[in-house]
Amino acid sequence: METNNPNTLPDIRQKVVCNAPIEKVWDAVATSDGIAAWFMPNDFQPIEGYEFQLNAGPFGMSPCKVVELDPPHRLSFTWGKDWTLTFELTELEKGKQTECTLIHSGWDPDKITEFGETHTLVRDRMANGWVGLQKALITYVEA
C-alpha cells in the first residue's frame, strides 16, 4: 500500500490486460512453472506462509514468503528483505480477458538492497524492468 510518509518511495503499480481467462493468468503468477516461464526460476508453492526462493541470476537467490493467497484474485509475497510483490487479477470478460495489476512495494530512499544499491536506483530500474516482464507474462498466457 502506498503511504504518505515522505521517507518512502511510491509503489510500482502497473496494469496490463491479458487476452486469457483468469485461471490461466492465475496459473502464470501463482505456480512455480508459471512464474519460471516469464519471471525467474523458483521453488514457489501456493501456500500461505510458504518460504521459497527466486533465482535472481547475477543477484543470487532471493528469499521470499507467501503472505497472502486469494485464488484466483490476489497473491502477495515478500521478496528479499524489503519488498512485497502483489498480483491482483480481475476478470474483465469471462473466459477471455483478465486485468493483471502488479504492485511492487516496500521502497525506502534511506535503505540499501542486499546487493549494495539504493532503493531509489533499483526502483527506477525495476519500474522499467516490470514493463518488459509484464509483456513476457502476456506473451506466455496468450500463447
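Residues numbered from 1 in each chain as written. Predicted model: local features only at pLDDT ≥ 70, side-chain atom pairs only at ≥ 80, totals over all residues. Heavy atoms only, no water.

### Concerning the overall build of the chain
Argument step 1. Looking only at helices and strands, one finds three helices and six strands in the chain.
Argument step 2. In the chain, the succession of helices and strands from N to C terminus is β-α-α-β-β-β-β-β-α.
Argument step 3. Expected size for 143 residues packed as a compact globule is a radius of gyration near 15 Å; at 15 Å, the chain falls within 12% of this value.
Argument step 4. Here the C-alpha coordinates of the chain stretch approximately 45 × 30 × 25 Å along the principal axes.
Argument step 5. Sequence separation of 24 or more characterises 48% of the internal contacts of the chain that already satisfy a separation of 6 or more.
Argument step 6. Of the roughly 7,400 Å² that the chain leaves accessible, carbon and sulfur atoms contribute 52%. (Helix = DSSP H or I, 4+ residues; strand = E, 2+ residues; numbered from the N terminus. Rg over C-alpha atoms; globule rule 2.2 N^0.38 Å. Contact = heavy atoms within 4.5 Å. Areas by Shrake-Rupley, 256 points an atom, 1.4 Å probe, with all protein chains shown as cover.)

### Focus: helix H1 (residues 22–29)
Argument step 1. The complete set of buried residues in H1 reads Ile22, Val25, Trp26, Ala28 and Val29. Mapping the buried residues of H1 onto a view down its axis gives an arc of 160°, with all of them on the same face. (Buried < 20%, exposed > 50% of the residue type's maximum accessible area, 1.4 Å probe, protein only. Arc of directions from axis to C-beta.)

### A word on the sheet that holds strand E5 (residues 83–93)
Argument step 1. With antiparallel pairing, six strands are arranged side by side in an open sheet as E1-E6-E5-E4-E3-E2. The sheet is open, and its two edges are formed by strand E1 (12–18) and strand E2 (51–55), each paired on a single side. Strand-to-strand twist of the sheet, defined as the mean angle between neighbouring strand axes without regard to direction, takes the value 25°.
Argument step 2. Against the sheet, H1 makes contact with E1, strand E3 (61–70), strand E4 (74–79), E5 and strand E6 (97–105), and its axis sits at roughly 165° relative to E5, the strand it touches most. (Pairing = 2+ DSSP bridges. Axes fitted to C-alpha atoms, helices over the stretch in contact; angles between N-to-C directions.)

### What about helix H3 (residues 119–142)?
Argument step 1. The terminal C-alpha atoms of H3, which comprises 24 residues, lie 33 Å apart, in line with the 34 Å expected from a rise of 1.5 Å per residue.
Argument step 2. Residues His119, Val122, Arg123, Met126, Ala127, Trp130, Leu133, Gln134, Leu137, Ile138 and Val141 constitute the buried set of H3.
Argument step 3. Elements in contact with the buried residues of H3: E1, H1, helix H2 (32–38), E4, E5 and E6. (Expected span 1.5 Å × (residues − 1).)

### What about the packing of aromatic side chains?
Argument step 1. Under the counting rule described, the total for this entry stands at eleven aromatic pairs.
Argument step 2. Both rings, one in Trp38 and one in Phe39, keep their centres 5.4 Å apart while their planes meet at 25°; by these two values the pair is stacked.
Argument step 3. Classification of Phe39 as buried rests on a relative accessible area of 12%.
Argument step 4. Through successive ring pairs, a cluster of aromatic residues spans Trp38, Phe39, Phe44, Phe52, Phe77, Trp79, Trp83, Phe87, Trp107 and Trp130. (Phe/Tyr/Trp six-rings, centres within 6.5 Å; stacked < 30°, edge-to-face > 60°.)

### A closer look at the pairing of E2
Argument step 1. A one-sided burial pattern is seen for E2, the buried positions being Phe52 and Leu54 and the unburied ones Glu51, Gln53 and Asn55.
Argument step 2. One ladder, built from five bridges, connects E2 with E3; its direction is antiparallel. Within the sheet, the bridge partner assigned to Phe52 lies in E3 and is Cys64.
Argument step 3. Linking E2 to E3, which pair antiparallel, is a turn of five residues; within it Gly57 sits at a positive phi near 55°.

### Focus: the UniProt feature "domain: Activator of Hsp90 ATPase homologue 1/2-like C-terminal" (unreviewed entry) in the chain
Argument step 1. Mapped onto the present numbering, the UniProt feature "domain: Activator of Hsp90 ATPase homologue 1/2-like C-terminal" (unreviewed entry) falls at residues 19–130.
Argument step 2. The span residues 19–130 shows a helical share of 24% and a strand share of 37%, and its end C-alpha atoms are spaced 19 Å apart. (UniProt positions renumbered as here; feature names shortened; annotations may be inferred.)

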